Amino acid sequence: MAVALNKLFVSLGAALACSVTAQAAGYPDHPINMVVPFAAGGPTDNVARALAEAMRPVLGETIVVENKGGAGGSIGTSQVARAKPDGYNILLMHIGFSTAPSLYKKPGYDAINGMSPIGLVVDVPMTIIAREDFPPNNIQELVQYLKDNQDKVSLANAGIGAASHLCGTMLTEALGIELLTVPYKGTAPAIADLMGKQVDVMCDQTTNTTQQIKSGKVKVYAVTSAERVPTFPDVPTMQESGFKDFEVGIWHGMWAPKDTPQPVVDTLVKALQTGMADKDFQNRMATLGATVMDKEANPAALQAKVEQQVPQWAALFKKVGVEPQ
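Notes on the structure follow. (Residues numbered from 1 in each chain as written. Predicted model: local features only at pLDDT ≥ 70, side-chain atom pairs only at ≥ 80, totals over all residues. Heavy atoms only, no water.)

Bringing the overall build of the protein chain into the picture now. Across its full length, the protein chain carries 11 helices and 10 strands. A compact globule built from 325 residues should have a C-alpha radius of gyration of about 20 Å, and the protein chain, at 22 Å, falls within 12% of that. Structurally, the protein chain occupies a C-alpha span of about 80 × 40 × 30 Å along its principal axes. Looking at the protein chain as a whole, 51% of its 325 residues qualify as buried. Taking contacts inside the protein chain between residues at least 6 apart in sequence as the whole, the part at least 24 apart equals 78%. (Helix = DSSP H or I, 4+ residues; strand = E, 2+ residues; numbered from the N terminus. Rg over C-alpha atoms; globule rule 2.2 N^0.38 Å. Buried < 20%, exposed > 50% of the residue type's maximum accessible area, 1.4 Å probe, protein only. Contact = heavy atoms within 4.5 Å.)

Once that is clear, we can look at the pattern of salt bridges. For the coordinates displayed, the defined rule picks out eight salt bridges. For the salt bridge of Arg 228 with Glu 240, the shortest nitrogen-to-oxygen distance reads 2.9 Å. Of this pair, Arg 228 sits in the loop between strand S8 (218-223) and strand S9 (249-257) while Glu 240 sits in the loop between S8 and S9, placing them 12 residues apart in sequence. Take Arg 228: its relative accessible area is 38%, and that puts it in the partly exposed class. Overlapping salt bridges bring together Arg 131, Glu 132, Asp 133, Lys 197 and Asp 200 as one network. (Salt bridge = Lys/Arg side-chain N within 4 Å of Asp/Glu carboxyl O.)

Before going further, it helps to examine the state of the cysteines. Here the structure, examined in full by the defined rule, presents one disulfide. Each sulfur in the disulfide pair Cys 167 and Cys 203 lies 1.8 Å from the other. Given an S-S torsion of about 45°, the disulfide between Cys 167 and Cys 203 has right-handed geometry. Placement of the pair is Cys 167 in helix H6 (residues 163-175) and Cys 203 in strand S7 (residues 201-205), with a sequence separation of 36 residues. (Disulfide = S-S within 2.5 Å.)

The full count for this structure, using the stated rule, is six aromatic pairs. Arranged with centres 5.0 Å apart and planes meeting at 35°, the rings of Phe 97 and Tyr 109 form a pair that is tilted. One end of the pair, Phe 97, is in helix H4 (residues 96-103); the other, Tyr 109, is in the loop between H4 and strand S4 (115-131), and 12 residues separate them in sequence. Centroid distance Phe 97 to Trp 255: 3.9 Å. Interplanar angle 15°. Geometry classified as stacked. Note that Phe 97 is positioned in helix H4 and Trp 255 in strand S9, a separation of 158 residues in sequence. Considered together, Phe 97 and Trp 255 belong to a single accessibility category, that of buried residues. (Phe/Tyr/Trp six-rings, centres within 6.5 Å; stacked < 30°, edge-to-face > 60°.)

Moving on, we come to the packing of H6 against helix H11 (residues 299-320). The geometry of H6 relative to H11 is characterised by a closest axis approach of 11 Å and an angle of 60° between their N-to-C directions. Taken together, H6 and H11 sit at an angle that is classed as oblique. For the element pair H6 and H11, the recorded crossing hand is left-handed. For the pair formed by H6 and H11, the contact residues are His 165, Leu 166, Thr 169, Met 170 and Glu 173 on the first element and Trp 313, Leu 316, Phe 317, Lys 319 and Val 320 on the second. Considering only residue class, the contact of H6 with H11 consists of six nonpolar, two polar and two charged. (Axes fitted to C-alpha atoms, helices over the stretch in contact; angles between N-to-C directions. Parallel < 35°, antiparallel > 145°, perpendicular 65-115°, else oblique. Left-handed = near helix turned anticlockwise from the far one by under 90°. Nonpolar A, V, L, I, M, F, W, Y, C, P; charged D, E, K, R; others polar.)

Moving on, we get to the layout of surface pockets. Volume-wise, the largest pocket comes out at about 810 Å³. Sorting the residues of the lining of the largest pocket by element identifies S4, H6, S9 and H11 as the ones contributing at least two each. Per-element tally for the lining of the largest pocket: the top contributor is H11, with six residues. Put simply, the second largest pocket is a space of about 630 Å³. Elements represented by at least two residues in the lining of the second largest pocket include exactly helix H2 (43-59), H6, helix H7 (187-195), S7 and helix H8 (206-214). For the lining of the second largest pocket, the per-class residue count stands at 14 nonpolar, 18 polar and two charged. (1 Å grid on protein atoms, 1.4 Å probe; cavity = no way out; pocket = protein on both sides within 12 Å on 5 of 7 lines; lining within 4 Å. Points joined across faces, edges and corners; volume = space filled by probe spheres on them.)

Let us now look at the side chain of Thr 99. Within the fold, Thr 99 resides in helix H4. In this structure Thr 99 comes out as buried when scored by relative accessible area, which is 1%. For Thr 99, the contacting residues outside a window of four places in its chain are Gly 161, Leu 166, Trp 313 and Phe 317.

In terms of burial, S7 is largely enclosed, as five of its five residues are buried. Sheet topology note: the S4/S7 ladder contains five bridges and is antiparallel. Residue pairing across strands places Ala 130 opposite Val 201, the latter belonging to S7. The sheet contact formed by strand S5 (residues 154-157) and S7 spans two bridges and is parallel. (Pairing = 2+ DSSP bridges.)

Axis separation between H4 and H11 bottoms out at 8 Å; the angle between their running directions is 40°. By the angle class used here, H4 and H11 are oblique. Of the two elements, H4 crosses H11, and the hand of that crossing is right-handed. Taking contact as the criterion, the partners of Phe 97, Ser 98, Thr 99, Ser 102 and Leu 103 in H4 are, on H11, Val 306, Gln 309, Val 310, Trp 313, Ala 314 and Phe 317. Its residues assigned to classes, the contact of H4 with H11 shows seven nonpolar, four polar and no charged.

Following this line, the structure appears as structure tokens:
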């Protein structure tokens, strides 16, 4: 009896394996849904739409971008985490993937073990900016002004977990100060109020600030990348300005649900790498001030990034007293 049952289980397992392989072999045979857990028109959405277009010729199927915002990206991310692991629901998310476990009591997904990583995509530096009539004229003057007037200066961000919130937290921690933090429901209203002189300072991605800086509608003091940004060659880095450990980029990655079949993951990895090598995609990213992470467009690199950053952000938030919501 036991022998017969064992043979039955082996047969069932083999049949299931063959079924999964057969499904993967025909992948994809209909459009793929790429979830962006933020509003349309934002920086992550812009990256996703450019990438979806670049990956389409490789996959032979359309990638439909779905915007599913809320809770710092956790709502859309958890939607993909719960989806059927067949490769037809994928996620394009930024650094918030690794910060949500520290910012939310129930983010809805396991950042380290709950998804199938596909690869890193782009890295976007941050800019430290202020309203155009803000008194300081360079980063050194800004640092001193913030220290002398911390009870009078307002620091805007696009909401808890947003890139601007993360960078703003790093800035106040690096300076050892506390500023009046003004959270908004998105980047657009935050920058609008900065340009309207309703708030004083902000730290946000080049994908959001390049146009405003070039038009002179805001002042720029520094970038947070290790090297100067080609778009702003005269703007110093924070490291050049004396903050050796102040480096933060808003990296973006792609994931599929956990237990997605390896052949499907391999197909997505190939499409991602080929799409990222597309000249039009690279030019569009350069216009946004984003660096294409072509050498890290693989599952191992993305997994390593998440495993390194989850505890790093947890330690910083604990240090500055940020409690999970």
